[in-house]
Amino acid sequence: MPGQLRDYFVVLPDSAAGAAAAGQLPAPEAAAGRSSAPDAAGPAREAGDTLTVAHPSGRPWVVARPLVRRVSHLARGEDALVLIGPDRVPDAVLAGILEGARDRIGLERRLARLPGLHHVVARLSGQSWIRGTATGLRRVYHARHPAAGTIASDRPAVLARLIDAPLDDSALALRLLDFLPHPLSRRPVWRGVHETGAGYGLALPAAAPGTAAAPGPAEYRWWEPPPGELPLAEGAHRLGEAVAASVRAHVGGLDRISCELSGGLDSTALAFAARETGPASLSLLTVAARDRYSEDETWARRAVEAARGTAATASNGHPAPAPGGHAGLTGGHHPATAPDHHAVPARGRHPALDHHVVPAADAPYFYADLASTAAELNDEPLPVAPGRARAALLLGRARATGSRYHLTGYGGDEIFLGLPHAYQDLFHGNPFTAWSHLGGLRHQLGWPLLPTLKALSDRSPFPRWLAGAVTAAPQPVARTPLLSWGVRQSPHPWLTEHAKALIAEEFRAAAEHAEPIDPWRGRHVDIDGVRMGARHFQAMEDIGMTIGLPVAAPFYDDRILEATLAVRLPERISPWRYKPLLVEAMRGVVPDALLARTTKDHMSSDEHQGLAEHAPELAELWTGSRLADHGLVDARQLLRLAAEPFSPVLVEHSISSTVAGETWLRTAENAWPTSRSTPTTSTTTTSEAAL
């Protein structure tokens, strides 16, 4: 069974049809990484690995099967609150949130006290509502079941199975672009399945007395980005607290954890923040680069040396067996137990720290072992699929250390780097500062003066930009100023005319009623970029579930995004400082010498070399292409390009999204088992349930 069906939850209406739909859900199967038995006190309503929270009537309300997340639940009369996230939220905290909250707004004010990492399902005054996170890391989907009415879930494929939804060729065609901007990124790839936008919730009204069917769902906005008013020092303090809280929510109280330590600022910050939680053992993993000019490994070793306070040492890339009988890790599953909420870090206690450097020769090139992508069915085709083998290698090495949770620095670039589009916002309120910053940026990026002035003076509304965001014109060159609502792109030449027509129609239709995420271009682009990155990170989470190691990106926490956006724009981004807000937030936690890094490595050479190394696998992929069967790609042209990996076409156009679409489609077509077994349910009385 694909990874997508190993971890999900659904929210059902209070009806006989809703209860019947619960019996149609994918049945649990054993999977790597299955956590040990629930540790919540009292009986829980479980069937195999499935947990159910009931309506007051006793019918199933929330049916969940989380592998590594925790389900915390509290009821007060007919009102109830369910939180699904990385940590267990105690009854006292849940009670403080639920009690006294007379409406949704009041409940949201209290929820803001927690890290922004949870799915929230609540019932107030007979109405159920559900939301994910503002970053888009936790998303909500819904579909209309022919008998039960509206059913919501965090996984669209579960809903697609319940309603027997066919795939949507237009949505598949959109995923063949390199970037899918708001609002088109919300187009699920199954017909009849709908995504609720990040920052929005889904209200599920109850059926009126004497009626069988409930009214349809309604979206409501629960999150607004904060105004950028705080000075750097105050914002850095808030950000530092948010980073610490997010890291604690994931790994606080665990004895053995691991972190990816690329050597970049983001992963270094998280490694030191993880050390502050006081684990007994902290394993840091670095993948050596093939590029001899790469600086990442050097900075990673410096970070290890600073963390130890002694000369840096590293293993030869083969982790030693963990104590406690983990020498034979291939023959069993390590418990993946999430931490308690608000675990107190053991300050002053330094963990046993080990550093594992994966030799460059061991790291797969991109496009390696594409067949392994069948292990997970992501919510949609994700362009990170060509790098799956590399990610699986790193997570496998981390698991071999005995780690119970792995942290990565994903999201750091999207949240802290800031994109040039932000200077369009700054120009309105502070043109002199904006022009000064743009001068520094122009010098670094080689932007010509007149095109920069033209881009700065452009006032095109978002719908007009969206209508022309995909064009047959050549792609922008490197020196094109980027100050608009996003990136203009051209369809890849191997897409069919049918695919191009579908894409054009989707953009045209969306532009007719599209509204930006934020009225300010820079904030719109920043938030859209964060949500795109969070969407892509799902692939890493699913690989972790396949391997048996929970993996997290703490930066995709709503509180971290809010703390960042709340800082004055010219202070949080600068052409003369690298991620100044993160640097100041981590001062005192990360040594100053490590915060001084201003460079960043890239792996583009590994991608291009991967096209050559794995040309036979790519040729096999395009033989009998499923995308070609759908009329979306020209398989013959893709076969020619597989034989010419250094073609100028592949220099100008990335094939990643097409490879991701092809591998995803093959997995999706074989996702459902031929028979559906029905899990049984029982009654729950506990106020908290954990898996």
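Please refer to the structure higher up on the page.
Thresholds applied
Residues numbered from 1 in each chain as written. Predicted model: local features only at pLDDT ≥ 70, side-chain atom pairs only at ≥ 80, totals over all residues. Heavy atoms only, no water. Helix = DSSP H or I, 4+ residues; strand = E, 2+ residues; numbered from the N terminus. Areas by Shrake-Rupley, 256 points an atom, 1.4 Å probe, with all protein chains shown as cover. Pairing = 2+ DSSP bridges. Axes fitted to C-alpha atoms, helices over the stretch in contact; angles between N-to-C directions. Contact = heavy atoms within 4.5 Å. Buried < 20%, exposed > 50% of the residue type's maximum accessible area, 1.4 Å probe, protein only. Core = buried A, V, L, I, M, F, W, Y, C linked by side-chain atoms within 4.5 Å.

*Asks:* Please set out the overall build of the chain residue by residue, giving values where relevant.
*Replies:* When you go through the chain residue by residue, the secondary structure sums to 26 helices and 18 strands. With the model as given, the accessible surface of the chain reaches about 26,700 Å², and the carbon-plus-sulfur share is 55%.

*Asks:* Would you mind going over the sheet that holds strand β18 (residues 551-552) in detail, with residue names and values included?
*Replies:* Spatially, five strands are ordered β16-β15-β14-β17-β18 in an open sheet, and the strand pairing comes out parallel. The open sheet terminates on both sides in strands that have one partner only, identified here as β16 (352-358) and β18. In this structure, strand β14 (residues 256-260) lies alongside strand β15 (residues 281-287), joined through five bridges in parallel fashion. From the neighbouring strand, S258 faces β15, where its bridge partner is S283.

*Asks:* So what's going on with the packing of helix α2 (residues 91-98) against helix α3 (residues 104-111)? Residues and values would help.
*Replies:* Angle between the axes and distance between the axes are the two parameters that describe a pair of packed helices. Running from N to C, α2 and α3 cross one another at 145°; their axes reach a closest spacing of 8 Å. Contacts from G96, I97 and L98 of α2 reach α3 at L107, R110 and L111.

*Asks:* Give a detailed account of the pairing of strand β7 (residues 119-124), specifying residues and quantitative values.
*Replies:* Counting buried positions along β7 yields six of six residues, so the element is predominantly enclosed. Here β7 shows no split at all, with H119, V121 and R123 on one side and V120, A122 and L124 on the other all buried. With five bridges connecting them, β7 and strand β8 (residues 127-131) associate as antiparallel partners. Its bridge partner lying in β8, V120 is registered against R131. The turn joining β7 and β8, which pair antiparallel and follow one another in sequence, is formed by two residues; a positive phi near 50° is taken by S125.

*Asks:* Please give an account of the nonpolar core that cites residues and values.
*Replies:* Counting 82 residues, the largest nonpolar core has L81, L107 and V243 as its most contacted members. Residues contacting V243, with those up to four places away along its chain left out, are L270, A273, F555, I560 and M586. Residues V63, L174, A514 and A642 belong to the second largest nonpolar core, which totals 65 residues.

*Asks:* Account for the pairing of strand β4 (residues 60-65), naming residues and giving values.
*Replies:* Counting buried positions along β4 yields six of six residues, so the element is predominantly enclosed. Pairing geometry for strand β1 (residues 8-11) and β4, over four bridges, is antiparallel. Each residue of the ladder has a partner; that of Y8, found in β4, is R65. Two successive antiparallel strands, strand β3 (residues 50-54) and β4, enclose a turn made up of five residues, where G58 displays a positive phi of approximately 100°.

*Asks:* Describe the side chain of T150, listing the residues and the values that go with them.
*Replies:* Mapping T150 onto the fold places it in strand β10 (residues 149-153). Judged by relative accessible area, T150 falls into the buried class, the value being 12%. Not counting residues up to four positions away in its chain, the partners in contact with T150 are P13, H142, A143, R144, L204 and P217.

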